[in-house]
Amino acid sequence: MPAKTEQGWTTARTLEALRRYYGWSVQELARRAGMSRSAVDARKRGETAVDVDDLERYAVAFGVPVTLLLEPASDAIRWVLDNEPAPGWYAARDSNPEPAD
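The structure reproduced in this document is the subject of the present report. Predicted model, so just to flag it, every value in this text is computed and none were measured. (Residues numbered from 1 in each chain as written. Predicted model: local features only at pLDDT ≥ 70, side-chain atom pairs only at ≥ 80, totals over all residues. Heavy atoms only, no water.)

## Some points on the pattern of salt bridges
Inference 1: Evaluated as defined, the whole model comprises eight salt bridges.
Inference 2: Notably, a salt bridge pairs Asp-41 with Arg-37, separated by 3.4 Å at the nearest N-O pair. Taken together, the residues Asp-41 and Arg-37, both in helix α3 (residues 37–45) and four residues apart, mark about one turn of the helix.
Inference 3: Overall, Asp-41 belongs to the buried group, its relative accessible area being 16%.
Inference 4: On the accessibility criterion, Arg-37 (40% relative accessible area) is partly exposed.
Inference 5: Each member of the salt-bridge network shares a partner with another, and the members are Glu-16, Arg-19, Arg-20 and Lys-44. (Salt bridge = Lys/Arg side-chain N within 4 Å of Asp/Glu carboxyl O. Helix = DSSP H or I, 4+ residues; strand = E, 2+ residues; numbered from the N terminus. Buried < 20%, exposed > 50% of the residue type's maximum accessible area, 1.4 Å probe, protein only.)

## Looking at the side chain of Thr-11
Inference 1: When you line up the elements, Thr-11 lands in helix α1 (residues 6–21).
Inference 2: For Thr-11, a relative accessible area of 5% corresponds to the buried category.
Inference 3: Within polar-contact distance, the side chain of Thr-11 engages the backbone oxygen of Leu-69 at 3.4 Å.
Inference 4: If we ignore the near neighbours within four places in the chain, the residues touching Thr-11 are Leu-55, Leu-69 and Leu-70. (Polar contact = N/O pair within 3.5 Å; in protein donor to acceptor, adjacent residues only side chain to side chain. Contact = heavy atoms within 4.5 Å.)

## Points about the environment of Glu-71
Inference 1: Its location among the elements puts Glu-71 in the loop between α4 (52–62) and α5 (73–83).
Inference 2: Glu-71 sits 60 residues away from Thr-11 along the chain, and the two C-alpha atoms are 7.0 Å apart.
Inference 3: Those residues in contact with Glu-71 that sit more than four places away from it in its chain are Thr-10 and Thr-14.

Shown next as structure tokens:
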């Protein structure tokens, strides 16, 4: 297993913090990032390095700049709080309720 660098750990913690902030399961993050759950888990555990393509996928899934994923988790959450609607908005946006009769 490759050893994680300090930057790798920072990115992994930031991804996990954002995932939890939005209330997503690992499966949901994988779906939104267009990755398999096993790929997300392997990157989270450091078995596979997170590359630029992964960062772009995660950034799109979370709706954040790629560079934010390289920042400490506390900075990333603060950015989201300052720049994005509350997490419930995403759930409401992504649901597609049937029209009322």
